[in-house]
Amino acid sequence: MLQRIQTIWTLLAVLAAVFLFITGQDVVISDSLPLLTISCIVLVIIGALSIFSFKNRKRQILLNTVSIIINVLLIGVLAYWLLNLSGGIHFPEKGIEPIFPLIAVICLLIANVYIRKDERLVKSVDRLR
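Computed from a predicted model, the values in this text were never measured in an experiment.

Chemist: Can you walk me through the overall build of the protein chain in this structure?
Modeler: Within the protein chain, the secondary structure is distributed over 4 helices and 0 strands. Counting every position in the protein chain, which comprises 129 residues, the buried fraction comes to 35%. By sequence separation, contacts in the protein chain at least 24 residues apart represent 76% of the contacts at least 6 residues apart. Carbon together with sulfur atoms contributes 73% to the accessible area of the protein chain, which is approximately 8,100 Å² in total.

This is the structure in structure tokens:
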């Protein structure tokens, strides 16, 4: 069922990855590898798989956990980028890019709480039958 609360939280995490992709076009971490673009695409794909695997709650928890790990690594990479970014005349303000993975991590943790709550509810109903 797509109308569950954990679907909304997972969708918010996917939207955070999309916003990171949109706002992170000026982030250059490595000249040869577009790390931010690749990670945003992977996060959107994992989020979509998690949303549409609503019948398999264990897979949903696994996909959300993988997405949380990628987002935490992305927070570290973006924090490193911000610390090495010059604040001079060429780039006067620093970006808000690390906020989007942080929002995604919080949303995915809340989604995992609701998925586990559904899993416990299903197991308790199975015991009654």
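Chemist: Please explain the packing of aromatic side chains as it appears in this structure.
Modeler: Each pair of aromatic rings is reported with the distance of its centres and the angle of its planes. The tally for this structure, following the rule as stated, stands at 1 aromatic pair. When the ring of Phe 19 is compared with that of Phe 100, the centres are 6.1 Å apart and the planes differ by 50°; the resulting orientation is tilted. Of this pair, Phe 19 sits in helix α1 (residues 5-23) while Phe 100 sits in helix α4 (residues 99-128), placing them 81 residues apart in sequence. Assessed through its relative accessible area of 42%, Phe 19 is described here as partly exposed. A relative accessible area of 13% means that Phe 100 is categorised as buried.

Chemist: For this particular structure, what's the right way to read the side chain of Ser 67?
Modeler: Tracing the backbone shows Ser 67 in helix α3 (residues 57-84). We classify Ser 67 as buried; its relative accessible area is 6%. Contact partners of Ser 67, with chain neighbours within four places excluded, come to Leu 43, Ile 46 and Leu 108.

Chemist: So what exactly am I meant to see when it comes to helix α2 (residues 35-52) here?
Modeler: One turn of the α-helix equals 3.6 residues, which is why residues spaced by three or four share an orientation. For α2, spanning 18 residues, the distance from its first C-alpha to its last is 26 Å, which sits close to the expected 26 Å at 1.5 Å a residue. As for α2, its buried residues are in contact with α1 and α3.

Chemist: Sorry, what's going on with the environment of Leu 63 here?
Modeler: Within the fold, Leu 63 resides in helix α3. Here Leu 63 falls in the buried class, since its relative accessible area comes to 15%. Through-space distance from the C-alpha of Leu 63 to that of Ala 48 is 9.7 Å; in sequence the pair is 15 residues apart. Not counting the four nearest positions on each side in its chain, Leu 63 is found in contact with Ile 46, Leu 49, Ser 50 and Ser 53.

Chemist: Help me out: how do you make sense of the pattern of salt bridges in this one?
Modeler: Close approach of charged atoms allows side chains with opposite charge to pair. Scanning the model with the defined rule gives 2 salt bridges in all. Across the salt bridge formed by Arg 4 and Asp 118, the nearest N and O atoms sit 3.2 Å from each other. A residue pair is termed long-range when its members are at least 10 positions apart, and Arg 4 in the segment before α1 and Asp 118 in helix α4 qualify at 114 residues. Residue Arg 4 is classed as buried on the basis of its relative accessible area of 13%.

Definitions and limits used
Residues numbered from 1 in each chain as written. Predicted model: local features only at pLDDT ≥ 70, side-chain atom pairs only at ≥ 80, totals over all residues. Heavy atoms only, no water. Helix = DSSP H or I, 4+ residues; strand = E, 2+ residues; numbered from the N terminus. Buried < 20%, exposed > 50% of the residue type's maximum accessible area, 1.4 Å probe, protein only. Contact = heavy atoms within 4.5 Å. Areas by Shrake-Rupley, 256 points an atom, 1.4 Å probe, with all protein chains shown as cover. Phe/Tyr/Trp six-rings, centres within 6.5 Å; stacked < 30°, edge-to-face > 60°. Expected span 1.5 Å × (residues − 1). Salt bridge = Lys/Arg side-chain N within 4 Å of Asp/Glu carboxyl O.

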